[in-house]
There are 2 protein chains.
Amino acid sequence: MQIGIVGTGLIGASIGLCLKAQGYEVVGCDTNKDHLATAIRRTAIDRGADLAEIAKLDVVFLCISPSILIPVAEELYTNRGELTIFTDCGSTKTEVAAWAADKPMFVPGHPMAGHEKSGPSYATNWLFRGAKWILTPSKKTDKHAISVVQDLVKKMEATPVSIDPATHDRQVGVLSHLPHVVAALLIEARNSLPLEKVSGGSWKDLTRVAGVDPNLWTDILMSNRQELDGILGEYEANIHKIRDMLSANDREALQGFLQHIVVSKERQNES
Amino acid sequence: MQIGIVGTGLIGASIGLCLKAQGYEVVGCDTNKDHLATAIRRTAIDRGADLAEIAKLDVVFLCISPSILIPVAEELYTNRGELTIFTDCGSTKTEVAAWAADKPMFVPGHPMAGHEKSGPSYATNWLFRGAKWILTPSKKTDKHAISVVQDLVKKMEATPVSIDPATHDRQVGVLSHLPHVVAALLIEARNSLPLEKVSGGSWKDLTRVAGVDPNLWTDILMSNRQELDGILGEYEANIHKIRDMLSANDREALQGFLQHIVVSKERQNES
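What you see is a predicted model, and the numbers here were worked out from it, not measured in a lab. (Residues numbered from 1 in each chain as written. Chains lettered and ligands numbered in written order. Predicted model: local features only at pLDDT ≥ 70, side-chain atom pairs only at ≥ 80, totals over all residues.)

**What about the relation of the copies chain B and chain A?**
Line of reasoning, step 1. Of the two same-sequence chains, chain B is brought onto chain A (RMSD 0.0 Å, axial shift 0.0 Å) by a rotation of 180°. Look at the turn and shift together and you get a two-fold axis relating the two. When C-alpha distances to the rotation axis are compared across chain B, the minimum falls at leucine 206 of chain B, with a value of 2.2 Å. (Least-squares fit on C-alpha atoms with pLDDT ≥ 70 in both.)

**Regarding the nonpolar core**
Line of reasoning, step 1. In this structure, Val182 and Leu186 of chain A together with Val182 and Leu186 of chain B are the most contacted members of the largest nonpolar core, which totals 62 residues.
Line of reasoning, step 2. Sequence-distant contacts of leucine 186 of chain B, defined by excluding residues within four places in its chain, comprise Leu178, Pro179 and Val182 of chain A together with Leu206, Thr207 and Ala210 of chain B. (Core = buried A, V, L, I, M, F, W, Y, C linked by C-beta atoms within 7 Å. Buried ≥ 20, exposed ≤ 12 C-beta atoms within 10 Å, placed from the backbone. Contact = placed C-beta atoms within 7 Å.)

**What to know about the domain arrangement of chain A**
Quoted interface sizes are often the accessible area lost when the parts come together.
All names here are of chain A.
Line of reasoning, step 1. Each assigned domain of chain A is listed with its residue range as follows: domain 1 (2-163) and domain 2 (167-270).
Line of reasoning, step 2. Taking the mean C-alpha position of each, domain 1 and domain 2 sit 31 Å from one another.
Line of reasoning, step 3. If you look at the interface, domain 1 gives 14 residues, while domain 2 gives 13 residues.
Line of reasoning, step 4. The set of elements that each furnish at least two residues to the side of domain 1 that touches domain 2 consists of helix H4 (66-78) and helix H5 (94-100).
Line of reasoning, step 5. Grouping the constituent residues of the side of domain 1 that touches domain 2 by class yields three nonpolar, eight polar and three charged. (Domains from an automatic or database assignment. Helix = DSSP H or I, 4+ residues; strand = E, 2+ residues; numbered from the N terminus. Nonpolar A, V, L, I, M, F, W, Y, C, P; charged D, E, K, R; others polar.)

**Describing the interface of chain B and chain A**
Line of reasoning, step 1. Listed per partner, the contact involves 74 residues of chain B and 74 residues of chain A.
Line of reasoning, step 2. Counting only elements with at least two residues in the side of chain B that touches chain A, the list comes to helix H7 (165-190), helix H8 (201-207), helix H9 (214-223), helix H10 (225-247) and helix H11 (251-270) of chain B.
Line of reasoning, step 3. The dominant element in the side of chain B that touches chain A, judged by the number of residues it contributes, is H7 of chain B, at 18 residues.
Line of reasoning, step 4. Its residues assigned to classes, the side of chain B that touches chain A shows 36 nonpolar, 23 polar and 15 charged.

**Concerning the environment of cysteine 18 of chain A**
All names here are of chain A.
Line of reasoning, step 1. If you trace the backbone, cysteine 18 turns up in helix H1 (residues 10-21).
Line of reasoning, step 2. Residue classification places cysteine 18 among the buried residues on the basis of 26 C-beta atoms within 10 Å.
Line of reasoning, step 3. Distance from cysteine 18 to asparagine 125, taken between C-alpha atoms, is 4.7 Å for residues 107 residues apart in sequence.
Line of reasoning, step 4. Sequence-distant contacts of cysteine 18, that is, excluding residues within four places in its chain, are made with Asn125, Phe128, Lys155 and Met156.

**Focus: the environment of glutamate 25 of chain B**
All names here are of chain B.
Line of reasoning, step 1. In this structure, glutamate 25 sits in strand E2 (residues 25-29).
Line of reasoning, step 2. C-beta crowding within 10 Å serves as the criterion here: with 15 such atoms nearby, glutamate 25 is assigned to the partly exposed category.
Line of reasoning, step 3. Taking C-alpha positions, glutamate 25 is 6.8 Å from methionine 1, a pair spaced 24 residues apart along the chain.
Line of reasoning, step 4. Setting aside its immediate chain neighbours within four residues, glutamate 25 contacts Gln2, Ile3 and Asp46.

**Regarding the packing of H7 of chain B against H10 of chain B**
Residue and element names in this part refer to chain B.
Line of reasoning, step 1. Where H7 meets H10, the closest approach of the two axes is 9 Å, and the angle between their N-to-C directions is 65°. Every pair of crossing elements has a handedness; the one defined by H7 and H10 is right-handed. Between H7 and H10, the residues in contact are Asp169, Arg170, Gly173, Val174, His177, Leu178 and Val181 and Glu227, Leu228, Ile231, Leu232 and Tyr235, respectively. (Axes fitted to C-alpha atoms, helices over the stretch in contact; angles between N-to-C directions. Left-handed = near helix turned anticlockwise from the far one by under 90°.)

**Observations concerning the environment of isoleucine 70 of chain B**
Residues and elements named next belong to chain B.
Line of reasoning, step 1. For isoleucine 70, the position within the fold is in helix H4 (residues 66-78).
Line of reasoning, step 2. The spacing of isoleucine 70 and glycine 130 is 60 residues in sequence and 29 Å in space, taken between C-alpha atoms.
Line of reasoning, step 3. Leave out the neighbours within four places in its chain, and isoleucine 70 touches Glu95, Val96 and Trp99.

**Brief notes about the pairing of strand E1 (residues 2-6) of chain A**
Residue and element names in this part refer to chain A.
Line of reasoning, step 1. Most of E1 sits inside the fold, with four of its five residues counted as buried.
Line of reasoning, step 2. Relative to strand E2 (residues 25-29), E1 runs parallel, the two being bridged by five bridges. Of the residues in E2, the one forming a bridge with glycine 4 is valine 27.
Line of reasoning, step 3. Once you follow E1 into H1 and on to E2, the crossover reads as right-handed.
Line of reasoning, step 4. With four bridges connecting them, E1 and strand E4 (residues 59-62) associate as parallel partners. Residue pairing across strands places valine 6 opposite leucine 62, the latter belonging to E4. (Pairing = 2+ DSSP bridges. Right-handed = clockwise from strand over helix to strand, strands pointing away.)

See the structure below:
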């Protein structure tokens, strides 16, 4: 089976490392020639090829930024081989799933794995180990195509999970996009202070992901902008509730809220 | 020199462990008899005593919750020995510094160290190693008292730093209280999702401090409520700016903001 990888960054090159280790031939494509060369040097892919050739391989992984995903997917799908199966790794799914709804050979996907460093230098065949790999097929998606993608996901030691695209986008909005915005805003809050090293351990934890790859994260956040706007609206409303407790000196309400958080966190960790 | 410790929790027992290792006699007081017994068993203090006896020792550390700090400090200071020096470890300083402004033998303080676990079982003589230990003396504070407290702080391997109480409270508001509120609100945001394990690494980091000791943190946040309300107001306004960028699909503005965060974080880390 010949695998095509479009975009040989952290995710694409990690997929290549996984699948080459399983004996597949892996062919890559990237407009970033440094990434392509690094992916070849690190044996993540066997060789480079153009989109026209990649479009006709057995399975093609699109591992590119959300902002260019649909046009590139369109070009590939138009020139596809008769039996070629496509899947993507974009971090939001509503838009691409709507586009793919009438394209049986395209299985939208999103591996729930990553790293604060980007690029093929950081790729590893361990990246997906133990992670959930979300798939959002439609009713028209070819059953065999879904099954082939699921098998490849399992070979990368991840667990394929099928959910609907809107649920996926709400989940990554809360669990990934919101923390990134929150971390960035903490850095912004600190800009109002004199520069002195007085922060404790919690600061470092909470701001670790702040300022990671601004171009990629602009694309990611923008691709989920409606959902994220709603999530931030709820977050803002909750901040306002805390402010009300503070300004009313309502100790009981604040204690009740913090205790509710303890219980919530335990329940979330048990899930 | 005889050291008194009022409140033998994580901070008080850690101070005891540090100073007993340096050869001081350490006497403790706690309404929580389990804490007192644990502190003795762990050799953090030599023995228990009542407030009246503690008030007459050479140096007394108040390591109790902000909500009861002032009344206990008042009782101790009223019954103080002629040369007794007092200092506290409360996490906000404006209120206690105002109270102490006309009390030369009281040096308000705050060690910038902690742990997500509380109680003397988690106490360690390494807790203050490399940490800043803020002192907020007034113009009337006795110079010798400041110098004695500074020396003890250095013996605990921390660095004493004198700043004014308002600056301190703004700094801990941004660097400690805000992250704790932010982490709690992330847990609250997740309550709107079905319970499924799809979160990545950033989630765990950002919520580590959520739900830590709700009683203590109610006291801490309430003791800094005016400053924190202002900080949360600015934070809320910044969330609103991000929401405006999202709803206007203003990619350029979002990218500009994220790039500004990269630069800010680098500058903050260099400080």
